[in-house]
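# Results of the structural survey
This is what each chain is made of:
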Amino acid sequence: MAEPPTGAQAHGRRANRRSYHDGVKVNGYVDDPYHRIRRAVAARMVADGVTGRLPVLELGCGPRGMLDPADLPAPLVLADLAETALRDARRAAGPDALPVCLDATRGLPFRAGSFAGLLTGELIEHVYDPVALLRECHRVLAPGGLLVLTTPNLATVQDRVSFLLGRAPRQVDPLHPYLWLHIRPFTPSLLRRVLRRAGFVPLAIRSNQVGWRLPGGRWVTSRLLAHLAPGLGGSLICAARRAAEPPSPTVAGQPNSA
């Protein structure tokens, strides 16, 4: 049964739209080293892993997509819920990128097997049913297609220590100015489990940096530690392949929302 428009799903969708509709928030942080590294690692995983001539989809591209059409062997499709942000992303990517305005929580308006690759950054933590979202990603990818996604890590090194001391990780703080919109936090092991449930074969998990916030607010970070122990890093950057067979309908998720 569909949830009424006044329910939690609709409330979450409106909250995300209000926060990200014009791209100002995203533009405010994408040049920060934390996000610049995350975006670069994800984009490189797509460019190195996509094969064939089918298009590549960047889902939830915001005002500044991660992918450069020149790095891809096939056309780029940019998709986002926010029309203003999508327009900016299309302008930045150039005339070879095709923009599509959509709501990823209502199903993707593409035929099965339409894409050779799919990149989605910092989206899955915003949806109520991540398995349903990933099953849609599975559907629109061709067999063997590549999925790359990024999401904040619930179990960073500092959050692990904080939890042992009785303090909640940042990703579950309902009072945080923007993390309150993150309703589905992930650890590396949970992300792998969810991907397998949706019909994907996880390939690799990487991270951008391992960081520690000092009392004065300054961050001490390490790229080397992120390479050696990505499960301790700030962002999880995961690549997975679409399995040849679709996931069993007995494990289908319910309709999801953001």
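Residues numbered from 1 in each chain as written. Predicted model: local features only at pLDDT ≥ 70, side-chain atom pairs only at ≥ 80, totals over all residues. Heavy atoms only, no water.

As annotated in an unreviewed UniProt entry, the protein chain carries the name Ubiquinone/menaquinone biosynthesis C-methylase UbiE and is attributed to Micromonospora inositola.

## What about the sheet that holds strand 3 (residues 97-101)?
Rules: Paired strands are those between which DSSP finds at least two bridges. Under the scheme used here, helices are H or I runs from DSSP no shorter than 4 residues and strands are E runs no shorter than 2 residues, and both carry numbers assigned from the N terminus. For helices, the axis comes from a line fit to the C-alpha atoms of the stretch in contact; other axes are also lines fit to C-alpha atoms, and the angle between any two N-to-C directions lies between 0 and 180 degrees.
Spatial ordering of the open sheet is given by 3-2-1-4-5-9-6, a layout of seven strands whose pairing is mixed. This sheet does not close on itself; its edge strands, each paired only once, are strand 3 and strand 6 (200-207). On average, each strand axis in the sheet is inclined to that of its neighbour by 20°, with strand direction left out of account. Pairing geometry for strand 6 and strand 9 (residues 235-242), over seven bridges, is antiparallel.

## Some points on a nonpolar patch on the surface
Applied cut-off: Residues qualify for a patch when their relative accessible area is over 30% and they have no salt bridge, like charges being joined within 9 Å and the nonpolar side chains of Val, Leu, Ile, Met, Phe, Trp and Tyr within 5 Å. The protein chains shown are the only cover counted for residues, whose accessible areas, like all others here, come from Shrake-Rupley with a 1.4 Å probe. By salt bridge we mean one thing: a side-chain nitrogen of Lys or Arg within 4 Å of a carboxyl oxygen of Asp or Glu.
Taken together, the side chains of Val161, Leu165, Trp212 and Val220 present a nonpolar region at the surface, about 350 Å² in accessible area. Within the secondary structure layout, Leu165 lies in the loop between helix 6 (157-164) and helix 7 (188-197).

## With respect to the packing of helix 5 (residues 130-140) against helix 7
The cut-off we apply is this: Working definition: roughly parallel below 35 degrees, roughly antiparallel above 145 degrees, roughly perpendicular at 65 to 115 degrees, and oblique for all remaining angles. Each helix crossing is assigned a hand: it is left-handed if the near helix lies turned anticlockwise from the far helix by less than a right angle, otherwise right-handed if that turn is clockwise. Two residues form a contact once any of their heavy atoms are found within 4.5 Å.
Between helix 5 and helix 7, the least distance of the axes is 9 Å, while the angle of their chain directions is 55°. Taken together, the axis directions place helix 5 and helix 7 in an arrangement best described as oblique. Helix 7 is crossed by helix 5, and the crossing has right-handed handedness. Here Val131, Leu134 and Arg135 of helix 5 lie close against helix 7, whose contacting residues are Val194, Leu195 and Arg197.

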